Amino acid sequence: MGNSQTSYGDAGFSAFIRRAFSRHLGHGPEEFDKPVIGIANTFSEINRCHSHVKPMIEAIKQGVIMEGGTPLEFPTISIGEMFTSPTTMLYRNLVAMDTEEMIIAQPIDGTVLIGGCDKMAPAQLMGAASADKPAILFTGGPMNNGEYKGRTLGACSDCRHFWQEYKAGTVSEEEINEINERLAPTAGHCMVMGSASTIAACAEAMGMMLPGGAATPATANERMRLARETGRAIVRQVKENIRPSDILTKKALENGIRTLMAVGGSTNTVIHLIAIAKRLGLSLTLKEFDELSRNTPFIANLRPAGKYQLQDLFHAGGINAVLKELSPLLHLDQITVTGKTLGENIAGFELSEEYRDIVRPFENPLFDEGGIAVLFGNLAPDGAIIKPKAASNQLLNHRGQAVVFSSIEDMEKRIHDPELDVTAESVLVLQNAGPVGAPGMPEAGGIPIPEKLLKQGIRDMVRLSDCRMSGTASGAVILHAAPEAAVGGAIGLVQNGDWIELDVENRSLELMVSKEELEHRRRLWNPPTFETYLRGYPLLYRQHVLQANDGCDFDFMLPVKKEEGVSGKVLAGGGDMK
Ligand code: FES
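Residues numbered from 1 in each chain as written. Predicted model: local features only at pLDDT ≥ 70, side-chain atom pairs only at ≥ 80, totals over all residues. Heavy atoms only, no water.

## Description of the packing of aromatic side chains
For clarity, the threshold we go by: Two rings belonging to Phe, Tyr or Trp (six-membered ring only in the last case) form a pair when the distance between their centres is within 6.5 Å. Interplanar angles under 30 degrees mark stacking, angles over 60 mark edge-to-face geometry, and anything in between is tilted. Starting at the N terminus, helices and strands are each numbered in turn, a helix being any DSSP run of H or I of at least four residues and a strand any DSSP run of E of at least two. Residue burial is assigned from relative accessible area. The probe radius is 1.4 Å, only protein chains are included, and a residue is buried under 20% of its type maximum, exposed over 50%, and partly exposed in between. Charges are assigned to positions over rings by a cutoff of 6 Å between ring centre and Lys NZ or Arg CZ, combined with an angular limit of 35 degrees from the ring normal.
The final tally for this structure, using the stated rule, is 8 aromatic pairs. With 5.1 Å between their ring centres and 45° between their planes, W163 and Y166 make a pair best called tilted. One end of the pair, W163, and the other, Y166, are both in helix α5 (residues 157-168), 3 residues apart, so they sit about a helical turn from each other. On the basis of relative accessible area, W163 is assigned to the partly exposed category, the value being 47%. Judged by centre distance (5.1 Å) and plane angle (70°), the ring pair of F298 and F367 falls under edge-to-face. Of this pair, F298 sits in the loop between α12 (286-294) and α13 (310-316) while F367 sits in the loop between α15 (342-346) and β7 (373-377), and the two are 69 residues apart along the sequence. The buried category is assigned to F298, whose relative accessible area is 1%. For F367, a relative accessible area of 28% gives the class partly exposed. Clustering of aromatic rings is evident, with ring pairs tying together Y91, Y537, Y541, F554 and F556. Its end group placed over the ring of F43, K54 keeps NZ or CZ at 4.2 Å from the ring centre.

See below:
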């Protein structure tokens with residue numbers, strides 16, 4: 001309780017008044033001599049992926065008390081994918097700032113972060129990394145599998161699949177409504193290897209979550225045991241003073257990237273891992289992701305690229321099973337929230353042969369390479385991302401003519417227009433949907449296949465944008481093109497009819513126009529004029545967000561070397577301070 005004193009200019013008075021005001025919960029002063037554990041409660045009835053966490057928080061508190069700590073729950077912002085406009089990514093950095101500032105400002109020695117829905121855990125890890133007090137991530141866990149007419153349903157891979165079939169006319173109104181009732185059958189986050197499951201898997205691999213934390217379903221008894229164990233672990237972590245900067249080393253991040261590649265995880269995670277690394281002053285480039293992907297086997301047979309879902313992975317042993325198989329490639333000496341190394345955490349685990357189709361052997365993977373490839377070329381000099389294993393094979397080496405949409409609104413207006421000049425060979429290009437342009441890089445990158453082509457049986461096309469795609473989606477979709485159109489990136493210079501060449505094997509993405517023509521277009525280019533999101537937080541976001549290849553954090557959230565300092569003059573905008 002003596003930490004982070006409120007500043008009255010009298011430290012004795014600060015301690016005196018704090019003691020008086022902390023009695024309202026029935027705590028005596030002696031309870032604040034114990035490790036004080038903050039629990040960042042992100043319960044929300046609007047963020048449905050966090051609506052079930054209350055009993056888990058009680059179990060975490062029990063664990064904290066059992067281990068000799070004092071738990072104190074506090075709220076932070078909670079954002080859910082389907083219920084946040086225009087996109088949760090716009091608010092990821094706000095959650096990160098909220099989390100960081102509350103950890104720093106409040107008199108807590110360690111924090112349990114209650115993650116779950118896509119952007120929550122990345123934001124919390126970013127905030128915890130900057131605050132650098134002991135912290136542990138606990139998520140609400142994935143939903144159980146859904147089922148429709150004997151077929152397993154997965155949110156939200158099947159949301160997209162069946163909606164596309166409905167638009168194509170192969171699924172009736174009655175069927176789509178029945179499917180809607182079964183898509184999200186229990187509490188928890190999406191249960192395919194989408195963004196939520198992927199960041200949880202990476203957090204476990206990086207050592208920020210207890211073993212088993214990522215794949216244990218929201219409704220399993222085991223999750224309550226894990227919650228209690230998480231409460232115990234954070235107290236031990238505080239006593240041993242193990243901080244995020246001890247755990248989230250460059251090697252640990254590499255373990256996270258290997259895991260991302262081995263499970264065919266979400267492209268969003270690339271942005272998040274870079275942001276987390278930068279919070280710790282570590283460099284992490286897209287080239288490194290590609291290098292690690294090229295020699296990491298894709299071993300987890302999970303949707304959207306594979307067959308199974310998180311409930312099945314749980315029965316196979318969860319992320320432990322993946323880490324055990326990957327262990328020849330991992331840095332096993334990295335310390336984790338258990339106080340043990342990653343190698344010690346997984347030492348006793350044996351994968352039973354019955355589950356070999358879910359987590360494939362290292363020597364007999366699903367694919368020889370990882371799930372994400374990084375492309376470079378004149379269309380994305382700072383990189384773009386594709387999930388080759390979730391795309392149609394014949395489109396991975398493709399040449400097609402651009403059909404350009406200048407914004408998400410333009411795309412929504414025209415994509416299903418029967419008059420749209422488009423064929424299955426076209427490349428659909430969406431501009432001005434990036435971090436600054438949209439703002440917040442919405443998950444609009446999986447551009448819908450035009451209805452007239454759907455009705456001809458077309459289910460995949462090459463699509464290119466500077467925005468993101470849901471981790472649960474699939475297709476020949478090129479994302480995160482950087483720099484984005486709104487800041488002058490080459491994707492904004494593409495015109496209808498231009499030829500575009502994609503070659504995933506050689507990692508290249510080229511606009512087939514001459515250098516001179518590109519320069520000519522650049523000279524004529526005018527930055528877009530924005531009519532919305534012009535004040536408050538969204539304006540701050542637009543002014544300070546970094547590009548996708550730099551993690552989309554704010555430039556002012558990167559670490560500042562204390563010895564360098566910043567003068568008041570600079571903070572005041574560089575003017576003469578009178
Ligand atoms: Fe929350 Fe999918 S909607 S994880």
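## Focus: the packing of helix α2 (residues 54-66) against helix α8 (residues 221-240)
Two numbers describe a pair of packed helices, the interaxial angle and the distance between the axes. Put simply, the test is: Helix axes use the C-alpha atoms of the stretch in contact, all axes being lines fitted to C-alpha atoms, and the angles between their N-to-C directions lie in the range 0 to 180 degrees. In this scheme, roughly parallel covers angles under 35 degrees and roughly antiparallel covers those over 145, while 65 to 115 is roughly perpendicular and the rest are oblique. Handedness of a crossing is defined here by the sense of rotation of the near helix relative to the far one, left-handed for an anticlockwise turn of less than a right angle and right-handed for a clockwise turn. Should any heavy atoms of two residues lie within 4.5 Å, those residues are considered in contact.
Their axes nearest at 7 Å, the elements α2 and α8 cross at an angle of 40°. Put simply, α2 runs oblique to α8. α2 and α8 meet at a crossing whose hand is right-handed. Note on element contacts: α8 touches α2 through R223, M224, A227, R228, G231, R232, I234 and V235, opposite P55, M56, A59, I60, Q62, G63, V64 and M66.

## With respect to the state of the cysteines
This is how the line gets drawn: Cysteine sulfur pairs qualify as disulfides if the two atoms are within 2.5 Å.
Using the criterion set out here, one finds 1 disulfide in the structure. Two residues share a disulfide in this structure: C156 and C159, whose sulfurs sit 2.0 Å from each other. The chirality of the disulfide connecting C156 with C159 is left-handed, given an S-S dihedral of about -85°. Here C156 falls in the buried class, since its relative accessible area comes to 12%. With no disulfide partner, C467 has as its closest neighbouring cysteine sulfur the one in C552, 11 Å distant. According to the relative accessible area criterion, C467 is buried, its value standing at 0%.

## Section: the pairing of strand β1 (residues 36-41)
We count it as follows: Strand pairing follows a simple DSSP-based rule, namely that at least 2 bridges must link the two strands. We call a crossover right-handed when, viewed with both strands directed away from the observer, the connection leading from the first strand over the helix to the second proceeds clockwise.
Among the 6 residues that make up β1, 6 are buried, leaving the element largely enclosed by the rest of the structure. Residues V36, G38 and A40 of β1 are buried on one face, and the alternating residues I37, I39 and N41, pointing to the opposite face, are buried as well. Where β1 and strand β2 (residues 70-75) come together, 6 bridges link them in parallel fashion. Across the sheet, the residue bridging to A40 is F74, located in β2. In this fold, β1 hands off to α2, which returns the chain to β2; that crossover is right-handed. Pairing geometry for β1 and strand β3 (residues 110-115), over 4 bridges, is parallel. Bridge pairing in β3 links I37 to G110.

## Section: the side chain of D460
Quick reminder of the rule: Between N or O atoms, a polar contact is any pair within 3.5 Å; within protein, one atom must be a potential hydrogen donor and the other a potential acceptor, and residues adjacent in sequence are included only when both atoms are from side chains.
In this fold, D460 is placed in the loop between α17 (451-454) and β11 (462-465). Residue classification places D460 among the buried residues on the basis of a relative accessible area of 14%. Within the structure, D460 has its side chain in polar contact with the side chain of S392 (distance 2.6 Å). One polar contact links D460 to R463, side chain to side chain, over a distance of 2.7 Å. The contacts of D460, once residues within four sequence positions are left out, are A391, S392, L395, I449, G475 and A476.

## Observations concerning the pattern of salt bridges
Heads up, the condition is: Criterion for a salt bridge: a side-chain nitrogen of Lys or Arg within 4 Å of a carboxyl oxygen of Asp or Glu.
Summed over all chains, the structure comprises 34 salt bridges. When the shortest N-O distance is used, the salt bridge between D553 and R279 registers 2.6 Å. Residue D553 is located in the loop between α19 (536-544) and α20 (568-571), and its partner R279 is located in helix α11 (residues 268-279); the two are separated by 274 residues in the primary sequence. Across this residue pair, the class does not change: D553 and R279 are buried.

## So, the sheet that holds β3
Strand order across the open sheet formed by 4 strands is β2-β1-β3-β4, with parallel pairing between neighbours. Two strands close off the open sheet at either side, each with one partner strand: β2 and β4 (135-139). If you compare each strand with its neighbour and ignore which way they point, the axes differ by 25° on average. As defined by bridge partners, β3 adjoins β4 across 5 bridges and the pair is classed as parallel. The residue of β4 that forms the bridge with V112 is I136.

## Overview of α5
We apply this condition: By definition here, a helix of n residues has an expected span of 1.5 Å times n minus one. Directions drawn from the helix axis to the C-beta atoms are what define this arc.
With 12 residues, α5 extends 17 Å from end C-alpha to end C-alpha; this agrees with the ideal 16 Å at 1.5 Å per step. Along α5, the positions that sit buried rather than exposed are S157, D158, F162, E165 and A168. Burial along α5 is one-sided: seen end-on, the buried residues are contained in an arc of 115°. Residues of α5 that are buried in the fold lie against β6 (151-153), α6 (173-182) and α17. Downstream of α5 by a residue or two, G169 has a phi angle that is positive, lying close to 90°.

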